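Read off the chains here:
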Amino acid sequence: MTEPSPPPAAPIADRYEPAAVEARWYPEWERRGYFRAEPDHPGPPYCIVIPPPNVTGSLHLGHALVNTLQDILIRAKRMDGYNTLWVPGTDHASIAVHVILERQLEAEGKTRQDLGREAFLERAWRWKEESGGTIIRQLRRLGASCDWTRERFTMDAGLSRAVREAFVRLYDEGLIYQGDYIVNWCPRCQTVLADLEVEREERDADFVYIKYGPLTLGTVRPETKLGDTGLAVHPGDPRYTQYVGRTLRIPSVNGEIDIQVVADEAVDPDFGTGVIKVTPGHDPTDFEIGRRHNLPVRTVIGFDGRMTALAGTYAGLDRFECRKRIVEDMQALGLIDRIEPYRHAVGLCYRCKTVVEPLVSKQWYVNVKPLAEVAIAAVREDRIRILPRSWSKTYFHWMENIRPWCISRQLWWGHRIPVWYCDADGSVHVSRTDLAACPKCSGPVRQDPDVLDTWFSSGLWPFSTLGWPDDTPELRTYYPTSVLVTGYDILFFWVARMAMLGLHLMKEVPFRDVYIHTLVRDPQGQKMSKSKGNVIDPLGVMERFGTDAFRFTLAILAVPGVHDIRIADERVEAHRNFANKLWNAARLVLSNLDGYERGGDVGPAGLPGRWIESRLQATMTSVRDGLDAYRFSDAAAAIYQFLWNDFCDWYLEIAKVSLYHAADPAERNRVQHALVTVLERTLRLLHPFMPFITEELWQRLPHEGASIMVAPYPKAAAPPDAAAEREMGLLMETITAIRNIRGEMRLSPAQTLTVTVKAAAGDDALLRAHGALVETLARARVTTDPRATRPRASALGVVGRSEIYVELEGLVDLAAERQRLEKEIRRTTEAIAFTRGKLSRPDFTERAPAEIVDKEREKLAEQEALHAKLVASLSWVG
RNA sequence: GGGCGGAUAGCUCAGUUGGGAGAGCGCAGCCCUUACAAGGCUGAAGUCGCAGGUUCGAGCCCUGCUCCGCCCACCA
């Protein structure tokens, strides 16, 4: 174990400067191997696989959030003694890479076809080597404690082997098959898209009513008219029964055509004219209708988005150009009945936003239905917990209505489909290894030119990264992984596929928990996008406010829920201030440690010491409970409140009394001990959230061990000290009451007040014992006397059954006190009326639980007592 | 078309078994009190979207409505 860095001798700056601290500690942790995990390390395994960011990516707020949350969990578990592994890596993102590279090529006036497959792939790899590391470097900047020695890439040799293994097994089981169906085709990307990869967008269009002989029907895509092979009506539609089964000869743009009329349930008789044209080649519904009625597929739009030879005079025209032209032509021929405006959803390619064209083509599919059933059961039986629970419903809905998954893509960057065709004997071979010749006839073979959907390989991620298909120690130790942290946007794309593939290939769930976090939006609630120019760069935020402040902000925003969170500078700034507060609190402690002997017997703690200890214990419990339930916000807020409100605002102020004016050296030593031990544990508790500043300060404080990263995670060891909390509460209320009068009376903080406390019986001893504390924190001379009489010209404060008199003689006009009292009286009068009203209703006193009624009675008694005191005081004032 | 969620202080949002509403920021007043002005103390501010219902009691449970947001979907 490397020795810890000695605390710098130089005095500590009065502001926390994150940059140097962050730059120093991350490489040091990595160098010491704290991020590394091994199956034979001690402790129960705890494993997270990172949602692999696209190699194309650079860190955005979504990455920052998901990886901060994972790092918080991982760091806490590592400190807590788990054998902790966080597997990092990146995804090859076929289509995203294609979009980027093809844009580059376009700028050079080239297409990928000009380049050819080999050269394109070479370029893609080069690009990956150059730019693919960006996001990984940025994750380090975020403090992510991934085991970088285990970094994976979906196109690594190992993972590619896993992809082939999965494909071959599923094929052998008959779950992967090839078929001709209508697909979503992106004419720009030149590839098929899965249904999930098609986005919908509302657009205005012309609803064109075309005359088909005796019939009229409406369409928004008149150009597909050229591919019509039928007309369809609802079987029960009396208007059209006479036409069903007939073949009509009707005039059209390219002369007369024969067209068959069929009856099909899919037609909605109430929409439009109740007649639809059937274009099996260019519409999913029509494709199904065509299949049912044996209507031929007539492809008039090609893969390039231009009209085919079958479009006759329109051949070669762009599909949208053709739409305009054909309407003009039909108008000239009198074939158009009317045109109405219409708003409807069009399908867009999720990567390049090109309008998707439905086309018939041969693709590879996975029959996911049987896999989905198993994956549904896993969630139903709680073997996978989806949190927040409400997401299960979405998961079930999608899984229960799942359709075959189209896994082939007409792209080059990705895992090439491991299928070889022999043209000589027509055989098809699926193989784990590359084939050079046909196993049957030894003739030449050609491999399927397509690659697999990117999500096919990411669906294997939780086990492919651990060595599958080999039976590795990693796989045995860390699978199933403990939790998957991700956003709801990839619940179907990724989480569902991992659940299905993991359960099928590993016979075991890929993760126990799935924590679905919300997405991050800009301060106006807008989705961040480059085109809107509202993208907040996490690196810039970290630069300005520090990584710890940024992480803490993300954690405290991470409320379990379903609506998105917004991030604004002010939030991060507030937590930058929190870091600074912590820094200065530590500075105060550190500058008062002279003479402190660690490990010595300091004797029993005083009341404030017991109190802060009790608060700390409660905080530890809150933080652990929060983390266990993925309530990051609760956990972070608990530390924030403890550190700022309890520790800084109260305990440090109290401690100063002993530090600066210690009654005896033992007392000073006791306080030093409390300061050190409380702060040291608080730093450990906070470390997963704010790793850098906590390490820096921890190293400077007396501590055990080489690094806070590998120090134990604090755990509550004692129940709350109820007596200490109650007694300190009374003292704090007393101090607040005096301060309150000072504030309301506009008395200068510099003015030492003269205060008499008429202590109630039970509180007398306590107030006397800690009179000095009250005097210092309230800046007052305090006389405690159960039989005190009220001095003339004084303000009244009430704490419990004790009364506090603050002398105002010569300080302020009594009118101010009168005003203050009147306000208080109005308040209590209202409160009493409310409580009395409640208690006067028999139904309440008879039907509410006795303890509730008693509480109300006590409350009323208190309110009335306070009221009486205030009223008496009012007449007393004048 | 189906489903889900939201509406709480000027702003952004918490509020987990239903017992007279909280935080951060902002605002007002007083303070450079030897850790911190990126700070301290004090204070003002809410008919918890609207209308009903259940209950002794509703921000919380039920119904309806209004206004937002998201997801899914083969009405051309």
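Preceding this paragraph is the structure being described.
Residues numbered from 1 in each chain as written. Chains lettered and ligands numbered in written order. Predicted model: local features only at pLDDT ≥ 70, side-chain atom pairs only at ≥ 80, totals over all residues. Heavy atoms only, no water.

Enquirer: I tried to follow the overall build of chain A on my own but got confused; where do I start?
Expert: Scanning chain A from N- to C-terminus turns up 28 helices and 29 strands. Across its three principal directions, the C-alpha atoms of chain A cover 115 × 70 × 55 Å. Looking at chain A as a whole, 54% of its 878 residues qualify as buried. The long-range fraction of contacts in chain A, counting pairs at least 24 apart against all pairs at least 6 apart in sequence, stands at 77%. (Helix = DSSP H or I, 4+ residues; strand = E, 2+ residues; numbered from the N terminus. Buried < 20%, exposed > 50% of the residue type's maximum accessible area, 1.4 Å probe, protein only. Contact = heavy atoms within 4.5 Å.)

Enquirer: So what exactly am I meant to see when it comes to the packing of aromatic side chains here?
Expert: Aromatic ring pairs are described here by two measures, namely the spacing of the ring centres and the angle between the planes. Within this structure, the stated rule accounts for 37 aromatic pairs. Taking the centre distance of 5.2 Å and the plane angle of 85° together, the rings of Tyr-181 and Tyr-365 count as edge-to-face. In this pair, Tyr-181 is assigned in strand E5 (residues 176-186) and Tyr-365 in strand E14 (residues 357-366), connecting sequence segments 184 residues apart. Owing to a relative accessible area of 7%, Tyr-365 belongs among the buried residues under this scheme. (Phe/Tyr/Trp six-rings, centres within 6.5 Å; stacked < 30°, edge-to-face > 60°.)

Enquirer: Honestly, the packing of helix H16 (residues 538-545) against helix H18 (residues 569-590) in this entry has me stumped. Any pointers?
Expert: Closest axis-to-axis distance for the H16/H18 pair is 10 Å, and the angle between their directions is 40°. In this structure, the crossing between H16 and H18 has a hand that is right-handed. Contacts between H16 and H18 involve Val-541, Arg-544 and Phe-545 on the former and, on the latter, Asp-569, Val-572, Glu-573 and Arg-576. Class assignment of the residues belonging to the contact of H16 with H18 gives a composition of three nonpolar, no polar and four charged. (Axes fitted to C-alpha atoms, helices over the stretch in contact; angles between N-to-C directions. Left-handed = near helix turned anticlockwise from the far one by under 90°. Nonpolar A, V, L, I, M, F, W, Y, C, P; charged D, E, K, R; others polar.)

Enquirer: What exactly am I supposed to notice about the nonpolar core here?
Expert: Looking at soluble globular proteins, one finds that nonpolar side chains tend to be buried together. Counting residues in hydrophobic clusters, the biggest one holds 209 residues, and the most contacted among them are Phe-167, Phe-456, Phe-647 and Phe-689. Once residues lying within four places of it in the same chain are set aside, the contact partners of Phe-647 are Ala-585, Ile-612, Phe-642, Leu-652, Leu-675, Val-678 and Leu-679. Within the second largest apolar cluster, 28 residues are counted, among which are Leu-226, Leu-231, Ile-259 and Met-330. (Core = buried A, V, L, I, M, F, W, Y, C linked by side-chain atoms within 4.5 Å.)

Enquirer: I'm lost on the environment of Glu-809 in this one. Help?
Expert: With respect to the secondary-structure elements, Glu-809 resides in the loop between strand E29 (802-807) and helix H26 (814-840). On the basis of relative accessible area, Glu-809 is assigned to the partly exposed category, the value being 47%. For Glu-809, the side chain forms a polar contact with the side chain of Arg-792, separated by 2.7 Å. (Polar contact = N/O pair within 3.5 Å; in protein donor to acceptor, adjacent residues only side chain to side chain.)

Enquirer: How do you make sense of the side chain of Ser-392 when you look at a structure like this?
Expert: Looking at the secondary structure, you find Ser-392 in helix H11 (residues 390-400). Residue class for Ser-392 comes out buried when judged on its relative accessible area of 12%.

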